[in-house]
Amino acid sequence: MSRVAVVGCSQLVTLAGPARPRIGSEMRDLGLIADGAMLISDGRIQSVGTRSEIESTMGRDCMVVDAGTRVVMPGFVDAHTHPVFAGNRANEFEQRSSGVTYAEIAAAGGGIRSTVRQTRAASETDLLGAAQKYVAWFLENGTTTIEAKSGYGLRPEDEYKLLRVIGAMQPIRTVPTFLGAHEIPDEFRKHPGKYVDLVVEEMLPHVASAKLAEYCDIFCEPGIFGIEDSRRILTAARALGLGLRLHADQLSRSGAAVLAAELGAATADHLEHTDALGITALKAAGVQPVLLPGSVYALGSTRYPDARAMLDAGLGVVLATDFNPGSSPTPSMPMILSLASTQMKMTPAEAVTASTINAAYSLNRGGEVGSLEVGKRADFVIHDCRDYREIGYFFGVRHPRAVYINGESVIRTATARERE
């Protein structure tokens, strides 16, 4: 049906506000409507208000979705994921539990290069099948939009293969990012400069001309892609019309956050080692920080990004899962909200803002998704709780009972009641 009314919301979390990333105290204003409701027409939000206001205007031809006195909020927007790969690295999980470090595993040929070898050997059909399994996981955890990176091919045709798979993933919304500069592949270990040449001279031009990606990312870290190689690759990407994102200051204070500011990147991601100089540079350049506490947790580290310093500086902070087979094998944004509050001392409201509307703006999607406002896509989730704070509080629980994209159900259980 073309018209849908959503009623019975204990809290309608609208995230209504200025048409830009939220900063400072704005991140704690969720635009809550108690006993809220909304009217949807042809997949877009037509009106938002109290239940009595919406029921007085919805008409007899409207399908009614009864949230059953539960929280309704926008679908999560996960702004940093690596969802296309073959196999997994459960063996490395076991090694790390025995005291072997991530760096030691990588030096022995494991880590990203291990996944690259498995992914190169997989067909496009097999990769899409695996990716669709992960899509279901994202949806079941309330995520309706993901930024999705390549990076496990590390040679032209395999990188293009991964980007084609990202473009075919359904029904979740995807924002594709080229991450050919994720690691130096085995065949270029003795000549890393030649791999940079390959990325700049062959891979980037094809990705841009074929419109396989909207963004270019790079793992900027000493010993992998240093500042000068990162500047060269990202400058070439920008000249081809791609937006920029960086894996920055994850393992060391490399200056990558400052580079992100210099180049006008959309985001700088990770930032575990970013200092006051980096935070000041990000603020001056309007770069959004994307914080990934799931990878810190999964690697057994205690060095989380200084979220409070970034919030106090007025940055439009974003939270994401970093879903990948090695350092953050979770698609659960509710788990990330829990980590944000317990480990980085973000309030539950700040965490919700960072994982919805701020994330949407970091992907140039703020005018379409990330909040429940008139004219936007009706991507929303019915959570099995009465207060939004319960989402991060009850960690390890799948809260969504129904997930909608464009006003159409993609995940639903019997507890989310619908009637005509």
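Sequence order as written defines residue numbering, which begins from 1 separately in each chain. Reporting in this predicted model follows two pLDDT cut-offs: at least 70 for local features of residues, and 80 or more for side-chain atom pairs to be given and counted; totals over whole chains, interfaces and linings ignore these cut-offs and use all residues. For side-chain calculations, the full set of non-hydrogen atoms in the structure is used, while hydrogens and water are omitted.

**Student:** Would you take a moment to explain the overall build of the protein for this structure?
**Tutor:** Helix numbering and strand numbering both begin at the N terminus, where a helix is a DSSP run of H or I of at least 4 residues and a strand a DSSP run of E of at least 2. Scanning the protein from terminus to terminus reveals 16 helices and 16 strands. Here the radius of gyration uses the C-alpha set of atoms, whereas the globule reference equals 2.2 Å times the residue count to the power 0.38. Relative to the globule expectation of 22 Å for 420 residues, the C-alpha radius of gyration of the protein, 21 Å, shows essentially globular dimensions. Once the C-alpha set of the protein is aligned to its principal axes, its extents read approximately 70 × 45 × 45 Å. Throughout, a residue-residue contact means that at least one pair of heavy atoms, one from each residue, lies within 4.5 Å. In the protein, the share of contacts with a sequence separation of at least 24, taken over all contacts with a separation of at least 6, comes to 71%. Counting only carbon and sulfur atoms, one obtains 51% of the accessible surface of the protein, whose full area is about 15,600 Å². Each charge class in the protein can be summarised by its mean position, and for the 42 positive and 48 negative side chains these summaries are 1 Å apart. Method for areas: the Shrake-Rupley scheme with a 1.4 Å probe, in which residue coverage is limited to the protein chains shown. Under the counting rule used here, the positive set is Lys and Arg, the negative set is Asp and Glu, and His together with the chain ends is not counted. Note on charges: their place is set at NZ of Lys, CZ of Arg, CG of Asp or CD of Glu.

**Student:** I would appreciate a short explanation of the pattern of salt bridges in the present structure.
**Tutor:** As a working rule, side chains carrying opposite charge can pair if their charged atoms are close by. For salt bridges, the criterion is a side-chain nitrogen of Lys or Arg within 4 Å of an Asp or Glu carboxyl oxygen. On inspection of all chains with the given rule, the structure shows 32 salt bridges. The partner of Asp 186 in a salt bridge is Arg 113, with the nearest N and O atoms 3.0 Å apart. With Asp 186 in the loop between strand E7 (173-181) and helix H7 (192-209) and Arg 113 in helix H4 (residues 112-120), the pair connects residues that are 73 residues apart, well separated along the chain. Classification of Asp 186 as partly exposed rests on a relative accessible area of 34%. The exposure class of Arg 113 is buried, given its relative accessible area of 10%. Note that Arg 164 and Glu 157 form a salt bridge whose closest N and O atoms lie 2.7 Å from each other. Look at the salt bridges and you will find they share partners, linking Arg 28, Arg 308, Asp 312 and Glu 350 into a network. Relative accessibility thresholds used throughout: buried, under 20% of the residue-type maximum; exposed, over 50%; partly exposed, between the two (1.4 Å probe, protein chains only).

**Student:** What should I look at first to understand the sheet that holds strand E5 (residues 76-81) in this one?
**Tutor:** Adjacent strands of a sheet form backbone hydrogen bonds with each other and so pair up, either parallel or antiparallel. Strand pairing requires that DSSP identify at least two bridges connecting the strands. Taken in spatial order, the eight strands of this open sheet run E5-E6-E7-E8-E9-E10-E11-E12, and their pairing is parallel. What marks the edges here is a single partner per strand, and that holds for E5 and strand E12 (318-319). As defined by bridge partners, E7 adjoins strand E8 (residues 215-218) across three bridges and the pair is classed as parallel. Bridge pairing links Ala 181 to Ile 218 in E8. In this analysis, axes come from line fits to C-alpha atoms, helices being fitted only over the stretch in contact, and the angle between any two N-to-C directions falls in the range 0 to 180 degrees. The sheet contacts of helix H8 (residues 227-239) involve E7, E8 and strand E9 (243-248), and relative to E8 the element is tilted by about 175°.

**Student:** Would you mind going over the packing of aromatic side chains with me for this structure?
**Tutor:** When we look at a pair of aromatic rings, we describe it by the centre distance and by the angle of the planes. Any Phe, Tyr or Trp ring, taking Trp's six-membered ring, that has another such ring centre within 6.5 Å forms a pair; planes under 30 degrees apart are called stacked, those over 60 apart edge-to-face, and the others tilted. Within the structure shown, the criterion is met by 11 aromatic pairs. Ring centres 5.2 Å apart and planes at 55° place the aromatic pair Tyr 134 and Trp 137 in the tilted group. Placement of the pair is Tyr 134 and Trp 137 together in helix H5 (residues 124-140), with a separation of three residues, close to one helical turn. Judged by its relative accessible area of 28%, Trp 137 falls in the partly exposed class.

**Student:** Can you walk me through a nonpolar patch on the surface in this structure?
**Tutor:** Patch membership requires more than 30% relative accessible area and the absence of a salt bridge. Residues of like charge join within 9 Å; the nonpolar side chains Val, Leu, Ile, Met, Phe, Trp and Tyr join within 5 Å. On the surface, a cluster of nonpolar side chains totalling about 320 Å² of accessible area is made up of Tyr 393, Phe 394 and Val 397. Structurally, the position occupied by Tyr 393 is in helix H16 (residues 390-393). Look at Tyr 393 and you get exposed, because its relative accessible area is 59%.

**Student:** Even after reading the chapter, I still don't get the packing of H7 against H8, so can you show me in this structure?
**Tutor:** Between two packed helices, what matters for the description is the angle formed by their axes and the separation of those axes. For the pair H7 and H8, interaxial distance at closest approach is 10 Å and the crossing angle is 5°. Looking at the two axes, H7 sits roughly parallel to H8. Residues Val 196, Asp 197, Val 199, Val 200, Glu 201 and Leu 204 of H7 form the contact with H8, whose own contacting residues are Asp 229, Arg 232, Ile 233, Ala 236 and Ala 237. All residues other than Ala, Val, Leu, Ile, Met, Phe, Trp, Tyr, Cys, Pro, Asp, Glu, Lys and Arg, Gly among them, are scored as polar; the first ten of these are nonpolar and the last four charged. Of the residues assigned to the contact of H7 with H8, the class counts are seven nonpolar, no polar and four charged. An angle below 35 degrees is treated as roughly parallel, one above 145 as roughly antiparallel, one from 65 to 115 as roughly perpendicular, and anything else as oblique.

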